[in-house]
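Results of the structural survey
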Amino acid sequence: MHELRTGLALFLLLNILAGMVRVVRGPTLTDRFIVAQLFGTTGVGVLVLLAGNEGSAPLRDVALIFALLAPVTVVAFVRFAVGSAPEDARAPGEEPRR
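Fair warning: this is a prediction, and the values are worked out from it, not measured in the lab. (Residues numbered from 1 in each chain as written. Predicted model: local features only at pLDDT ≥ 70, side-chain atom pairs only at ≥ 80, totals over all residues. Heavy atoms only, no water.)

Right, let's talk about the overall build of the protein chain for a bit. The helix and strand inventory of the protein chain stands at three helices and zero strands. Reading the protein chain from its N terminus to its C terminus gives the helix and strand order α-α-α. Contacts spanning at least 24 positions in sequence make up 42% of the contacts within the protein chain whose residues lie at least 6 apart. Surface summary for the protein chain: the accessible area is close to 7200 Å², and the carbon and sulfur share equals 69%. (Helix = DSSP H or I, 4+ residues; strand = E, 2+ residues; numbered from the N terminus. Contact = heavy atoms within 4.5 Å. Areas by Shrake-Rupley, 256 points an atom, 1.4 Å probe, with all protein chains shown as cover.)

The subject of this paragraph is the side chain of T42. As for its placement among the helices and strands, T42 is situated in helix α2 (residues 29-51). Given a relative accessible area of 8%, T42 falls into the buried group. (Buried < 20%, exposed > 50% of the residue type's maximum accessible area, 1.4 Å probe, protein only.)

End to end, helix α1 (residues 2-25) covers 36 Å across 24 residues, agreeing with the expected 34 Å (1.5 Å per residue, within 8%). Buried residues of α1: A9, I16 and G19, and no others. Contacts made by the buried residues of α1 are with α2. (Expected span 1.5 Å × (residues − 1).)

In short, the description is geometric, and any link to function would need to be established separately.
Encoded structure:
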């Protein structure tokens with residue numbers, strides 16, 4: 001079973017390497033963002049697979065932290081892509097960006 005988990009983790013790492021091509025050649029910012037999300041979810045999958053090996057239980061905690069931080073990247077991208085701050089975050093008298 002150890003070999004199967006390690007093989008699957010290696011396959012997922014190869015997927016991450018293939019995604020690097022899209023990061024470099026991605027025609028739009030959205031393409032690059034989707035690949036960044038792929039890195040996050042695949043990274044969590046790799047860590048969970050490797051945590052199943054004996055003596056690697058702390059990797060499960062790291063995978064959980066990565067999974068909890070993933071929505072932060074989504075919010076950061078949307079705020080960057082849309083380019084406007086919420087009403088309460090603007091300085092008094094500041095006009096919205098267009």
